[in-house]
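Analysis of the macromolecular model
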Amino acid sequence: MVHSFRIPAYSFLCLVLLAANPGHLSAAASAPSAASTETDSSDGLVRLDITVTDKSGSPVSGLKAEDFTLFDNGQPQKLVSFRAHDEAANKANEPVEIILLIDALYMLPQQAAVAEQEAESVLREDQGRLRYPAMVYLLNGYGLSASMQPSTDGNALAEEIASGSELRTVWQTPFRADAHRRIKGYSVNRNIYSLQALGAIAIEARRRPGRKFLFWIGPGWTVRTKDGLSIGERSFDEIVEFSTRLREARINLFSVIELARDPASEGYVRAVLNAKEVVPDDMALNVLATKSGGSASILVSKMKETVQDAGDYYTLTFDPPKAEFPDEYHELTVRVDKPKVAVRTNSEYYDQPTFYDEPEAREKIAVDRLPQVLETLRTLSDSEAAKR
């Protein structure tokens, strides 16, 4: 089951957010959010958003539940629910959201201007009348800022990027990051800010319903630095955290090829079962993008095509097998019984992850009752246990 019964602990992401700006939580809380949290952890089920395309890259519609076979660690699983989303037929559509992140941390001013132009070109498609609501985030040496809320007014969002004055502050760095290039560990600090930004976006997006397409416009972060320091090494908790955050927020992450920093990481996707197996490349932008069900190093033109086709996809849920221990790794494979099609979805999940911001327990349990409660939970299915 995907919900944890362990005592919640402060995660890497929480500590990074607090370290960068103790006041970030109140700033983030000021952003509008949906009344319900978009997560599958409350019912113990795993939800997958699946894109199916033909050999030309166009979305394949009209598929039914019997066309899909889901494997969890190589074992076929029974689907609990299945929904087809067809934009043209306006069939069973859930909210879809586009998120553009302009990452200027590693850019020269001229490069940042190009990234902003790329984002603006997406927003101004069809005279700025966006098919899906969009959010804009800007990451630079001062911190992370964002539009107030998702909007279908692409021209207004483009103007926010151009002026920067209408963006709200999500969090701020204690100093301007690009003013400390000669300090040992400077690159690592910037890498942490990049990951902090990704985590903050996931936390905000988790409050809003529907599927999200997050396009990382910028070089991303380095997994190894000239200082001899690296991120991701021996950081199994970070891998579990980001894998789970992105999946439960229903975020598919994409990196842009013109500005991607780690092309060598393309195709470098492997199972990370425990802390002993972690290497820095496991935290690369392209790796996280691929595992999230997005794509690594796409062209700007492909980004625009992905936005246009965002409403054509399938959603399924399943009740995962019982986990034997916390943070248990599961490989996911989805096969479609149609010739010459490509399937894109999450490639993994970790069972029983722990979050520092889990909701309060529905029932307080005395210590002397705990053994009895745990024994009862062992007799229930994963979904029923999570509801309890």
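Counting restarts for each chain: residues are numbered from 1 in the order of the written sequence. Owing to the predicted nature of the model, reporting of local features is limited to residues with pLDDT of at least 70; listing and counting of side-chain atom pairs is limited to 80 or more, with chain, interface and lining totals taken over all residues. Note that the side-chain values use all heavy atoms of the structure and ignore hydrogens as well as water.

1. What about the sheet that holds strand S13 (residues 313-318)?
One requirement defines pairing of two strands: DSSP has to find at least two bridges between them. The secondary structure listing takes helices from DSSP runs of H or I that are at least 4 residues long and strands from runs of E that are at least 2 residues long, numbered from the N terminus. Strands sit in the order S4-S13-S1-S15 across an open sheet of 4 strands; the sheet is antiparallel. Strand pairing shows two members of the sheet lacking a second neighbour, strand S4 (79-85) and strand S15 (342-344), which therefore form its edges. Mean inter-strand twist for the sheet, computed between neighbouring axes without regard to direction, equals 25°. All axes are obtained by fitting lines to C-alpha atoms, using only the stretch in contact for helices, and the reported angles, taken between N-to-C directions, cover 0 to 180 degrees.

2. Details of the packing of aromatic side chains
Two rings from Phe, Tyr or Trp (for Trp, the six-membered ring) form a pair when their centres are within 6.5 Å of each other. A pair whose planes differ by under 30 degrees is stacked, one over 60 is edge-to-face, and the rest are tilted. Following the criterion strictly, the structure yields 10 aromatic pairs and no others. With a centroid separation of 5.3 Å and an interplanar angle of 50°, the aromatic rings of Phe 68 and Phe 82 are classed as tilted. Here Phe 68, found in strand S2 (residues 68-72), pairs with Phe 82, found in strand S4; they are 14 residues apart in sequence, far enough to count as distant. A 1.4 Å probe rolled over the protein chains alone gives each residue an accessible area, and that area as a share of the maximum for its type sets the label: buried under 20%, exposed over 50%, partly exposed in between. We classify Phe 68 as buried; its relative accessible area is 6%. For Phe 82, a relative accessible area of 24% gives the class partly exposed. An aromatic cluster is built from Phe 68, Phe 82 and Tyr 314, whose rings are joined through pairwise contacts. The ring centre of Tyr 313 lies 4.7 Å from the NZ or CZ of Arg 211, which sits over that ring. The criterion for a charge sitting over a ring is simple: Lys NZ or Arg CZ within 6 Å of the ring centre, and within 35 degrees of the ring normal.

3. Remarks on the sheet that holds S2
Judged by pairing direction, the sheet is antiparallel, and its 4 strands sit side by side in the order S3-S2-S14-S16 without closing on themselves. Looking at the sheet topology across the chains shown, the edges are occupied by strand S3 (75-77) and strand S16 (348-351). Neighbouring strand axes in the sheet, compared pairwise and without regard to direction, differ in orientation by 35° on average.

4. Topic: the pairing of strand S11 (residues 251-256)
For S11, the tally of buried residues reaches 6 of 6 residues, placing the bulk of the element in the interior. Taking every second residue as pointing to the same face, both faces of S11 are buried, with Ile 251, Leu 253 and Ser 255 on one and Asn 252, Phe 254 and Val 256 on the other. When strand S10 (residues 211-217) meets S11, the two strands line up parallel, connected through 5 bridges. Each bridged residue has a counterpart across the sheet, and for Phe 215 the counterpart in S11 is Phe 254.

5. Quick word on the packing of helix H3 (residues 109-123) against helix H8 (residues 300-308)
With their axes 10 Å apart at the nearest point, H3 and H8 run at an angle of 30° to one another. Compared by their axis directions, H3 and H8 come out roughly parallel. Classified by chirality, the crossing of H8 by H3 is right-handed. Along the contact surface, H3 presents Glu 118, Ser 121 and Val 122, while H8 presents Val 300, Met 303, Lys 304 and Val 307. For the contact of H3 with H8, the per-class residue count stands at 4 nonpolar, 1 polar and 2 charged. Roughly parallel means an angle under 35 degrees; roughly antiparallel means over 145; roughly perpendicular covers 65 to 115; every other angle is labelled oblique. Throughout, a crossing is termed right-handed when the near helix is turned clockwise from the far one, and left-handed when it is turned anticlockwise from it by less than a right angle. Whether two residues are in contact is decided by their heavy atoms: any pair within 4.5 Å suffices. Each residue is assigned to one of three groups, with Ala, Val, Leu, Ile, Met, Phe, Trp, Tyr, Cys and Pro labelled nonpolar, Asp, Glu, Lys and Arg labelled charged, and all others, Gly among them, labelled polar.

6. Structural notes on H8
By the burial criterion, the buried members of H8 are Val 300, Met 303, Thr 306 and Val 307. Buried residues of H8, seen end-on, are gathered within an arc of 110° and therefore sit on one face of the element. Here the buried face of H8 lies against strand S5 (96-103), H3, strand S6 (129-140), S10, S11 and strand S12 (295-298). What the arc describes is the spread of directions from the helix axis to the C-beta atoms.

7. Comments concerning empty space enclosed by the protein
Where empty space is left in the structure can be found by rolling a water-sized probe over the atoms. A 1.4 Å probe that fits into a set of points on a 1 Å grid over the protein atoms alone but cannot get out defines a cavity; an open set with protein on both sides within 12 Å along at least five of seven lines defines a pocket, and lining residues are those with an atom within 4 Å of a point. Grid points are joined across faces, edges and corners, and a volume is the space filled by probe spheres set on the points. Under the definition given, this model contains 3 cavities of 30 Å³ or more. Considered as a void within the structure, the largest cavity measures approximately 100 Å³ in volume. Every residue along the wall of the largest cavity is listed here: Ile 239, Phe 242, Ser 243, Leu 246, Arg 247, Asp 282, Leu 288, Lys 291, Ser 292, Asn 346 and Glu 348. Elements with a contribution of two residues or more to the lining of the largest cavity: helix H6 (236-248) and helix H7 (285-291). Per-element tally for the lining of the largest cavity: the top contributor is H6, with 5 residues. Split into classes, the residues belonging to the lining of the largest cavity amount to 4 nonpolar, 3 polar and 4 charged.

8. Focus on the environment of Glu 87
The residue Glu 87 is located in the loop between S4 and S5 in this model. For the pair Glu 87 and Ser 61, spaced 26 residues apart in the sequence, the C-alpha separation amounts to 9.5 Å.

9. Some details on the pattern of salt bridges
Should a side-chain nitrogen of Lys or Arg be within 4 Å of a carboxyl oxygen of Asp or Glu, the pair is scored as a salt bridge. Per the counting criterion, the structure on display carries 10 salt bridges. For Glu 97, the salt bridge goes to Arg 208, with nearest N and O atoms at 2.5 Å. One end of the pair, Glu 97, is in strand S5; the other, Arg 208, is in the loop between helix H5 (186-205) and S10, and 111 residues separate them in sequence.

10. What to know about the packing of H3 against helix H4 (residues 154-163)
As a packed pair, H3 and H4 sit with axes 8 Å apart at the nearest point and diverge in direction by 165°. Taken together, H3 and H4 sit at an angle that is classed as roughly antiparallel. Between H3 and H4 the crossing geometry is left-handed. Residues Glu 116, Ala 119, Glu 120 and Leu 123 of H3 touch H4, and the partners they reach there are Gly 154, Asn 155, Leu 157, Ala 158, Ile 161 and Ala 162. Each residue belonging to the contact of H3 with H4 can be placed in one class, and the counts come to 6 nonpolar, 2 polar and 2 charged.

11. Some thoughts on the confidence of the model for the chain
A residue's pLDDT is the predictor's confidence in that residue, given on a scale from 0 to 100. Summarising the model, the chain shows a mean pLDDT of 79, and 72% of its residues fall at 70 or more. Between the elements of the chain, mean pLDDT differs from a low of 40, seen in helix H2 (residues 24-29), to a high of 97, seen in S2. Confidence drops under a pLDDT of 50 for residues 3-12, and excluding neighbours within four residues, the segment shows 30 contacts in the predicted structure. Low pLDDT (under 50) marks residues 15-42, which in the prediction has 61 contacts with non-local residues, meaning those over four places away or in another chain.

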